[in-house]
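Reading the structure
The residues making up each chain are set out below.
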Amino acid sequence: TQLLEQSPQFLSIQEGENLTVYCNSSSVFSSLQWYRQEPGEGPVLLVTVVTGGEVKKLKRLTFQFGDARKDSSLHITAAQPGDTGLYLCAGANYGQNFVFGPGTRLSVLP
Amino acid sequence: NAGVTQTPKFQVLKTGQSMTLQCAQDMNHEYMSWYRQDPGMGLRLIHYSVGAGITDQGEVPNGYNVSRSTTEDFPLRLLSAAPSQTSVYFCASLGGAEQYFGPGTRLTVT
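Rules of the game
- Residues numbered from 1 in each chain as written.
- Chains lettered and ligands numbered in written order.
- Predicted model: local features only at pLDDT ≥ 70, side-chain atom pairs only at ≥ 80, totals over all residues.
- Heavy atoms only, no water.
- Buried < 20%, exposed > 50% of the residue type's maximum accessible area, 1.4 Å probe, protein only.
- Helix = DSSP H or I, 4+ residues; strand = E, 2+ residues; numbered from the N terminus.
- Pairing = 2+ DSSP bridges.
- Phe/Tyr/Trp six-rings, centres within 6.5 Å; stacked < 30°, edge-to-face > 60°.
- Lys NZ or Arg CZ within 6 Å of the ring centre and 35° of its normal.
- Contact = heavy atoms within 4.5 Å.
- Buried area = accessible area lost by both parts, 1.4 Å probe.
- Salt bridge = Lys/Arg side-chain N within 4 Å of Asp/Glu carboxyl O.
- Polar contact = N/O pair within 3.5 Å; in protein donor to acceptor, adjacent residues only side chain to side chain.
- Nonpolar A, V, L, I, M, F, W, Y, C, P; charged D, E, K, R; others polar.
- Axes fitted to C-alpha atoms, helices over the stretch in contact; angles between N-to-C directions.

This brings us to the pairing of strand β10 (residues 98-101) of chain B. Residue and element names in this part refer to chain B. Of the two faces of β10, the one holding Gln-99 and Phe-101 is buried and the one holding Glu-98 and Tyr-100 is not buried anywhere. Inspection of the sheet shows strand β9 (residues 87-95) paired to β10 by 4 bridges, in the antiparallel sense. Residue Leu-94 lies in a different strand from β10, and its bridge partner there is Gln-99. Counting the residues that bridge the hairpin from β9 to β10 gives 2 residues, and of these Gly-96 lies at a positive phi of roughly 65 degrees.

A few words on the pairing of strand β5 (residues 44-49) of chain A. Residue and element names in this part refer to chain A. Along β5, 5 of the 6 residues are buried, which leaves the element largely enclosed by surrounding structure. As paired elements, strand β4 (residues 31-37) and β5 share 5 bridges and run antiparallel to each other. Counterpart to Leu-32 in the pairing with β5 is Val-49.

This part is about the packing of aromatic side chains. Applying the stated rule across the entire model yields 8 aromatic pairs over all chains. Centroid distance Phe100(A) to Phe101(B): 6.1 Å. Interplanar angle 80 degrees. Geometry classified as edge-to-face. With Phe100(A) in strand β10 (residues 98-100) and Phe101(B) in strand β10, the pair connects residues from two separate chains. Of the two residues, Phe100(A) and Phe101(B), both sit in the buried class. Among the aromatic residues, those joined into a cluster by ring pairs are Tyr35(A), Phe100(A), Tyr35(B), Phe90(B) and Phe101(B). When the ring centre of Phe74(B) is taken as reference, the NZ or CZ atom of Arg68(B) above it lies at 5.9 Å.

Moving on, we get to the environment of Ala2(B). Residue and element names in this part refer to chain B. Its place among the elements puts Ala-2 in the segment before β1 (4-7). Take Ala-2: its relative accessible area is 57%, and that puts it in the exposed class. Sequence-wise, Ala-2 and Gln-25 are 23 residues apart; in three dimensions their C-alpha atoms are separated by 7.4 Å.

Contacts between the two partners involve 17 residues from chain A, matched on the other side by 19 residues from chain B. Both sides of the chain A and chain B interface together cover about 1400 Å² of buried area, and 54% of this is carbon and sulfur. When the buried area of chain A at its contact with chain B is split by residue, Gln96(A), Asn97(A) and Phe100(A) rank highest and sum to 35% of it. Summed over the shared surface of chain A and chain B, the number is 0 salt bridges. For the pair chain A and chain B, the interface holds 5 residue pairs in polar contact (both at pLDDT 80 or more). Those elements that provide at least two residues to the side of chain A that touches chain B are β4, β5, β9 (85-92) and β10 of chain A. At 3 residues, β4(A) tops the list of elements feeding residues into the side of chain A that touches chain B. Taken together, the residues that form the side of chain A that touches chain B break down as 8 nonpolar, 8 polar and 1 charged.

Turning to the sheet that holds strand β3 (residues 19-25) of chain B, a few remarks are in order. Residue and element names in this part refer to chain B. What the 4 strands build is an open sheet, ordered β1-β3-β8-β7; its pairing is antiparallel. The open sheet is flanked by β1 and β7 (64-66), the only strands paired with a single partner. Shown here is a sheet whose adjacent strand axes are inclined to one another by a mean of 20 degrees, direction ignored. In this structure, β3 lies alongside strand β8 (residues 76-78), joined through 3 bridges in antiparallel fashion. Within β8, the residue paired with Met-19 across the bridge is Leu-78.

Residues and elements named next belong to chain A. If you walk across this open sheet you meet the 5 strands as β1-β3-β8-β7-β6, and the pairing is antiparallel. At either margin of the open sheet sits one strand with a lone partner, and together these are β1 (5-7) and β6 (55-58). Averaged over all pairs of adjacent strands, the angle between strand axes in this sheet comes to 15 degrees, irrespective of strand direction. The pairing of strand β7 (residues 61-65) with strand β8 (residues 71-76) spans 5 bridges and is antiparallel. Considered in β8, the bridge of Phe-65 is made with Ser-72.

What follows is the structure in C-alpha coordinates.
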(Lines give C-alpha, C1' and ligand atoms only; values in the text may rest on other atoms or scores of the structure.)
Protein backbone atom coordinates (compact mmCIF):
# COMPACT_ATOMS: atom_id res chain seq x y z
CA THR A 1 0.00 0.00 0.00
CA GLN A 2 1.36 3.38 -0.98
CA LEU A 3 1.22 5.97 1.78
CA LEU A 4 1.70 9.72 1.73
CA GLU A 5 2.63 11.70 4.82
CA GLN A 6 2.22 15.44 5.15
CA SER A 7 3.84 17.87 7.54
CA PRO A 8 3.11 19.87 9.47
CA GLN A 9 -0.40 18.70 10.30
CA PHE A 10 -1.42 22.21 11.40
CA LEU A 11 0.13 25.59 10.68
CA SER A 12 -0.99 29.00 11.90
CA ILE A 13 0.89 32.05 10.65
CA GLN A 14 0.49 35.80 10.30
CA GLU A 15 -0.35 37.46 7.01
CA GLY A 16 2.80 38.24 5.03
CA GLU A 17 4.86 35.32 6.34
CA ASN A 18 6.34 32.61 4.14
CA LEU A 19 5.73 28.91 4.70
CA THR A 20 6.55 25.50 3.31
CA VAL A 21 4.54 22.30 3.67
CA TYR A 22 5.81 18.86 2.80
CA CYS A 23 4.48 15.66 1.28
CA ASN A 24 6.61 12.52 1.69
CA SER A 25 6.43 8.87 0.76
CA SER A 26 8.65 5.82 0.55
CA SER A 27 6.98 5.01 -2.79
CA VAL A 28 7.65 6.41 -6.24
CA PHE A 29 4.80 8.17 -7.98
CA SER A 30 4.36 8.87 -11.68
CA SER A 31 2.76 12.20 -10.83
CA LEU A 32 1.80 14.18 -7.79
CA GLN A 33 -0.95 16.68 -7.31
CA TRP A 34 -1.67 19.41 -4.77
CA TYR A 35 -5.22 20.40 -3.84
CA ARG A 36 -6.71 23.08 -1.59
CA GLN A 37 -9.95 22.36 0.21
CA GLU A 38 -12.11 24.94 1.97
CA PRO A 39 -14.68 24.05 4.66
CA GLY A 40 -17.82 22.47 3.26
CA GLU A 41 -16.40 22.09 -0.23
CA GLY A 42 -14.58 19.50 -2.28
CA PRO A 43 -10.84 19.71 -3.00
CA VAL A 44 -9.76 21.91 -5.91
CA LEU A 45 -6.70 21.03 -7.95
CA LEU A 46 -3.82 23.53 -7.73
CA VAL A 47 -1.09 21.79 -9.72
CA THR A 48 0.15 18.51 -11.17
CA VAL A 49 3.88 17.70 -11.27
CA VAL A 50 5.15 14.77 -13.30
CA THR A 51 8.92 15.07 -13.74
CA GLY A 52 11.48 14.47 -10.98
CA GLY A 53 13.00 17.80 -9.94
CA GLU A 54 10.19 19.77 -11.58
CA VAL A 55 9.34 23.19 -10.15
CA LYS A 56 6.06 24.92 -10.95
CA LYS A 57 4.99 28.38 -9.89
CA LEU A 58 1.43 29.57 -9.51
CA LYS A 59 1.53 33.24 -8.47
CA ARG A 60 2.79 33.14 -4.85
CA LEU A 61 2.78 29.32 -4.70
CA THR A 62 5.84 27.27 -5.69
CA PHE A 63 5.58 23.50 -6.04
CA GLN A 64 8.53 21.13 -6.29
CA PHE A 65 8.63 17.42 -7.09
CA GLY A 66 11.57 15.55 -5.61
CA ASP A 67 14.25 14.14 -7.90
CA ALA A 68 13.28 10.59 -6.95
CA ARG A 69 9.56 11.35 -7.35
CA LYS A 70 8.86 10.30 -3.76
CA ASP A 71 8.27 13.70 -2.19
CA SER A 72 7.04 17.19 -2.89
CA SER A 73 6.86 20.59 -1.27
CA LEU A 74 4.59 23.59 -1.49
CA HIS A 75 6.02 27.00 -0.65
CA ILE A 76 3.78 30.03 -0.20
CA THR A 77 5.33 33.50 -0.28
CA ALA A 78 3.70 36.37 1.62
CA ALA A 79 0.72 34.34 2.77
CA GLN A 80 -2.71 35.97 2.71
CA PRO A 81 -5.89 35.11 4.65
CA GLY A 82 -7.34 33.79 1.38
CA ASP A 83 -4.70 31.03 1.45
CA THR A 84 -6.38 29.52 4.52
CA GLY A 85 -7.53 25.96 3.93
CA LEU A 86 -6.60 22.30 3.94
CA TYR A 87 -3.76 21.46 1.55
CA LEU A 88 -3.78 17.90 0.27
CA CYS A 89 -1.20 16.08 -1.80
CA ALA A 90 -2.16 13.08 -3.94
CA GLY A 91 0.07 10.65 -5.79
CA ALA A 92 -0.68 8.50 -8.83
CA ASN A 93 1.23 5.42 -9.91
CA TYR A 94 0.83 5.25 -13.68
CA GLY A 95 -2.89 4.79 -13.29
CA GLN A 96 -6.01 6.79 -12.74
CA ASN A 97 -6.29 6.11 -9.01
CA PHE A 98 -4.81 8.54 -6.52
CA VAL A 99 -3.53 8.10 -2.98
CA PHE A 100 -4.11 11.12 -0.76
CA GLY A 101 -2.12 12.38 2.18
CA PRO A 102 -3.90 13.45 5.39
CA GLY A 103 -3.42 17.15 4.66
CA THR A 104 -1.94 20.26 6.22
CA ARG A 105 -4.45 22.65 7.72
CA LEU A 106 -3.22 26.22 7.18
CA SER A 107 -4.60 29.26 8.96
CA VAL A 108 -3.38 32.70 7.89
CA LEU A 109 -4.28 35.37 10.40
CA PRO A 110 -4.81 38.99 9.28
CA ASN B 1 -21.68 23.40 -16.98
CA ALA B 2 -22.54 22.21 -13.46
CA GLY B 3 -19.43 20.03 -13.09
CA VAL B 4 -19.88 17.33 -10.45
CA THR B 5 -23.05 17.46 -8.37
CA GLN B 6 -23.90 15.45 -5.26
CA THR B 7 -27.09 14.98 -3.30
CA PRO B 8 -28.00 15.15 -0.52
CA LYS B 9 -25.70 17.66 1.17
CA PHE B 10 -26.43 16.28 4.65
CA GLN B 11 -27.97 13.01 5.83
CA VAL B 12 -28.59 11.35 9.18
CA LEU B 13 -29.29 7.62 9.25
CA LYS B 14 -29.98 5.11 11.96
CA THR B 15 -27.86 1.98 12.14
CA GLY B 16 -29.16 -0.60 9.69
CA GLN B 17 -30.89 1.83 7.35
CA SER B 18 -30.02 1.96 3.67
CA MET B 19 -29.59 4.91 1.37
CA THR B 20 -28.10 6.01 -1.93
CA LEU B 21 -25.76 8.95 -2.37
CA GLN B 22 -26.22 10.47 -5.80
CA CYS B 23 -23.44 11.77 -8.03
CA ALA B 24 -23.66 13.19 -11.52
CA GLN B 25 -21.24 14.90 -13.88
CA ASP B 26 -21.87 16.74 -17.15
CA MET B 27 -18.32 16.74 -18.51
CA ASN B 28 -18.55 13.38 -20.31
CA HIS B 29 -15.72 11.94 -18.21
CA GLU B 30 -15.27 8.20 -18.33
CA TYR B 31 -13.54 7.82 -14.96
CA MET B 32 -15.49 8.51 -11.77
CA SER B 33 -14.76 7.68 -8.16
CA TRP B 34 -16.06 7.83 -4.61
CA TYR B 35 -13.95 8.84 -1.61
CA ARG B 36 -14.62 9.17 2.06
CA GLN B 37 -12.85 11.80 4.14
CA ASP B 38 -12.26 11.34 7.86
CA PRO B 39 -10.32 13.65 10.19
CA GLY B 40 -6.57 13.10 9.97
CA MET B 41 -6.87 10.43 7.26
CA GLY B 42 -7.20 12.34 4.03
CA LEU B 43 -9.41 10.95 1.29
CA ARG B 44 -9.70 7.20 0.88
CA LEU B 45 -10.92 5.59 -2.34
CA ILE B 46 -14.08 3.50 -1.92
CA HIS B 47 -15.01 2.47 -5.48
CA TYR B 48 -14.23 3.70 -8.94
CA SER B 49 -15.45 3.27 -12.51
CA VAL B 50 -13.57 3.60 -15.77
CA GLY B 51 -16.74 3.77 -17.83
CA ALA B 52 -20.39 2.78 -18.06
CA GLY B 53 -20.89 -0.81 -16.94
CA ILE B 54 -17.44 -1.09 -15.33
CA THR B 55 -16.77 -0.67 -11.62
CA ASP B 56 -14.01 -1.79 -9.27
CA GLN B 57 -13.10 -1.65 -5.61
CA GLY B 58 -10.81 0.89 -4.06
CA GLU B 59 -9.05 0.92 -0.70
CA VAL B 60 -12.14 0.77 1.56
CA PRO B 61 -15.04 -0.87 -0.33
CA ASN B 62 -16.68 -2.88 2.46
CA GLY B 63 -20.26 -1.84 3.18
CA TYR B 64 -20.68 0.06 -0.08
CA ASN B 65 -22.02 -0.85 -3.51
CA VAL B 66 -21.85 1.08 -6.77
CA SER B 67 -23.19 0.80 -10.30
CA ARG B 68 -22.54 2.78 -13.47
CA SER B 69 -25.39 2.50 -15.95
CA THR B 70 -24.62 5.80 -17.71
CA THR B 71 -21.54 7.95 -18.21
CA GLU B 72 -23.15 10.76 -16.21
CA ASP B 73 -24.26 9.01 -13.01
CA PHE B 74 -22.36 7.06 -10.37
CA PRO B 75 -24.49 6.38 -7.26
CA LEU B 76 -23.06 4.98 -4.02
CA ARG B 77 -25.28 2.66 -1.98
CA LEU B 78 -25.07 1.88 1.70
CA LEU B 79 -27.09 -1.30 2.22
CA SER B 80 -27.00 -1.39 6.03
CA ALA B 81 -25.49 1.73 7.55
CA ALA B 82 -23.07 1.43 10.46
CA PRO B 83 -21.67 4.16 12.77
CA SER B 84 -18.23 3.53 11.21
CA GLN B 85 -19.63 4.93 7.97
CA THR B 86 -20.09 8.37 9.51
CA SER B 87 -17.95 10.51 7.23
CA VAL B 88 -17.93 13.08 4.46
CA TYR B 89 -18.30 11.48 1.04
CA PHE B 90 -16.92 12.99 -2.15
CA CYS B 91 -17.57 11.99 -5.71
CA ALA B 92 -15.03 12.92 -8.38
CA SER B 93 -14.58 12.62 -12.12
CA LEU B 94 -11.30 12.64 -14.00
CA GLY B 95 -10.72 14.72 -17.09
CA GLY B 96 -7.20 14.24 -18.42
CA ALA B 97 -5.03 14.47 -15.31
CA GLU B 98 -7.42 16.68 -13.35
CA GLN B 99 -9.89 15.38 -10.80
CA TYR B 100 -13.05 17.42 -10.33
CA PHE B 101 -14.73 16.94 -6.97
CA GLY B 102 -18.32 17.42 -5.97
CA PRO B 103 -19.28 19.46 -2.89
CA GLY B 104 -19.62 16.38 -0.68
CA THR B 105 -22.27 14.65 1.41
CA ARG B 106 -21.92 14.74 5.19
CA LEU B 107 -23.36 11.49 6.54
CA THR B 108 -23.98 10.73 10.20
CA VAL B 109 -25.01 7.24 11.30
CA THR B 110 -26.41 6.99 14.82
